[in-house]
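Coordinates in review
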Amino acid sequence: MSETLGFACKCGRLRGEITDVSPSAYTNVICHCQDCRAAYTHLGLADPAKVGILQTTQDRVHVTEGGENLRVFRHSPKGALRWYATCCDTPLFYTPVKARLVHVGVNTDRLDAPEALPDAKVEGFIPQPGGKVKHKGAARMVTRMVSRMAAKNLSGEWRGSPFFEEDGTTPKVPPQVLTREQRAAALMGVQA
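Attention in this report is confined to the structure presented alongside it. Note that the coordinates shown come from a computational prediction; the quantities given were computed from them, not determined experimentally.

**Digging into the overall build of the chain**
Secondary structure assignment for the chain yields 3 helices and 12 strands. At 16 Å, the chain has a C-alpha radius of gyration in line with the 16 Å of a compact globule built from 192 residues. Seen along its three principal axes, the alpha-carbon backbone of the chain occupies a region of about 45 × 35 × 30 Å. Considering the chain as a whole, with its 192 residues, one finds that 45% of them fall into the buried category. In the chain, the share of contacts with a sequence separation of at least 24, taken over all contacts with a separation of at least 6, comes to 63%. Carbon and sulfur atoms make up 54% of the accessible area of the chain, which totals about 9,600 Å². When the 25 positive and 19 negative side-chain charges of the chain are each reduced to one mean point, those points stand 8 Å apart.

Now the structure itself:
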């Protein structure tokens, strides 16, 4: 796999790259959760049924063109930040609410070469009979996430986030919090 992976929104106005794409720097995940899928339906897209996510650290994400089109919303006042391109309403990333948590999930359908990633070894919220869900590889995902967070906090590299101001707690763009009606509408688009 290359050291750098490109990404872009659907129309190509917002572009960037993820640097240092080595196996220790990311986890390839498939998520079936309602929140990841509702990020698509809220933006007027079809329910993807599952969302491919490249989990890495925020300092590895670099927006090189069209950064003025990057906006963010939250499903609820305390929810994760869902970053998207306003030029074509393309979901791109999700982050926690602070830069020190360093985590970012990049939607793999936005990568220039998603086939360059090895198969996902982690899958979350897999639907089961009776409305239950199961997870595959969750311990691996959490362990890798925590070790990356510890390393970036010790080195100070958490400060390299393209999503937060220097204080590490203020998003570079004020997040829109969805109303109950907007969230309900987004969830109605998610197939059971």
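On we go.
**Some words on the packing of aromatic side chains**
The final tally for this structure, using the stated rule, is 4 aromatic pairs. Ring centres 5.3 Å apart and planes at 90° place the aromatic pair Phe7 and Phe93 in the edge-to-face group. Taken together, the residues Phe7 in strand S1 (residues 5-8) and Phe93 in strand S8 (residues 90-95) connect sequence positions 86 residues apart. The pair formed by Phe7 and Phe93 is uniform in burial state, with each residue classed as buried. Arranged with centres 5.0 Å apart and planes meeting at 50°, the rings of Trp83 and Phe163 form a pair that is tilted. In this pair, Trp83 sits in strand S7 (residues 81-85) while Phe163 sits in the loop between helix H2 (138-155) and strand S12 (176-177), placing the two residues 80 residues apart along the sequence. For the pair shown, Trp83 and Phe163 are each scored as buried. Taken together, Phe7, Trp83, Phe93 and Phe163 form an aromatic cluster joined through their ring pairs.

**Considering the layout of surface pockets**
In this structure, the largest pocket occupies an estimated 370 Å³ of space. What lines the largest pocket is a set of 21 residues, and nearest its centre among them are Cys31, Gln55, Tyr94, Phe125 and Met141. Those elements that place two or more of their residues in the lining of the largest pocket are strand S3 (27-31), strand S4 (51-57), S8, strand S10 (122-127) and H2. When its residues are assigned to classes, the lining of the largest pocket shows 14 nonpolar, 5 polar and 2 charged. A volume near 210 Å³ is recorded for the second largest pocket. As for the second largest pocket, its lining consists of 14 residues, and the residues nearest its centre are His32, Arg37, Pro127, Gln191 and Ala192. Those elements that place two or more of their residues in the lining of the second largest pocket are helix H1 (34-42) and S10. When the residues that make up the lining of the second largest pocket are grouped by side-chain class, the tally is 7 nonpolar, 5 polar and 2 charged.

**Examining the nonpolar core**
Of all hydrophobic cores here, the largest spans 27 residues; its most connected members are Trp83, Phe93 and Phe163. For this core, the secondary-structure elements that each account for two or more residues are S1, strand S6 (70-74), S7, S8 and strand S9 (103-107). Considering each element in turn, this core owes the most residues, 3 residues, to S7. With 10 residues, the next largest nonpolar core counts Val29, Cys36, Tyr40 and Tyr94 among its residues.

**Describing the packing of H1 against helix H3 (residues 180-188)**
One way to put it is that H1 packs onto H3 with a least axis distance of 8 Å and a crossing angle of 100°. Viewed along their axes, H1 and H3 adopt a mutual orientation that is roughly perpendicular. Mapping the contact onto sequence places Gln34, Asp35, Ala38, Thr41 and His42 in H1 and Gln182, Arg183, Ala186 and Leu187 in H3. Residue classes in the contact of H1 with H3 are distributed as 3 nonpolar, 4 polar and 2 charged.

**Things to note about empty space enclosed by the protein**
This structure, assessed with the given rule, holds 1 cavity of 30 Å³ or more. Computed from the structure, the largest cavity encloses a volume of approximately 80 Å³. Contributing to the lining of the largest cavity are 14 residues, with Ala39, Arg82, Pro91, Phe93 and Asn107 lying nearest its centre. Broken down by secondary-structure element, the contributors of at least two residues to the lining of the largest cavity are H1, S4, S7 and S8. Per element, the largest residue contribution to the lining of the largest cavity is 4 residues, and it comes from S8. Split by residue class, the lining of the largest cavity holds 12 nonpolar, 1 polar and 1 charged.

Parameters and conventions
Residues numbered from 1 in each chain as written. Predicted model: local features only at pLDDT ≥ 70, side-chain atom pairs only at ≥ 80, totals over all residues. Heavy atoms only, no water. Helix = DSSP H or I, 4+ residues; strand = E, 2+ residues; numbered from the N terminus. Rg over C-alpha atoms; globule rule 2.2 N^0.38 Å. Buried < 20%, exposed > 50% of the residue type's maximum accessible area, 1.4 Å probe, protein only. Contact = heavy atoms within 4.5 Å. Areas by Shrake-Rupley, 256 points an atom, 1.4 Å probe, with all protein chains shown as cover. Lys, Arg positive; Asp, Glu negative; His and termini not counted. Charge placed at Lys NZ, Arg CZ, Asp CG, Glu CD. Phe/Tyr/Trp six-rings, centres within 6.5 Å; stacked < 30°, edge-to-face > 60°. 1 Å grid on protein atoms, 1.4 Å probe; cavity = no way out; pocket = protein on both sides within 12 Å on 5 of 7 lines; lining within 4 Å. Points joined across faces, edges and corners; volume = space filled by probe spheres on them. Nonpolar A, V, L, I, M, F, W, Y, C, P; charged D, E, K, R; others polar. Core = buried A, V, L, I, M, F, W, Y, C linked by side-chain atoms within 4.5 Å. Axes fitted to C-alpha atoms, helices over the stretch in contact; angles between N-to-C directions. Parallel < 35°, antiparallel > 145°, perpendicular 65-115°, else oblique.

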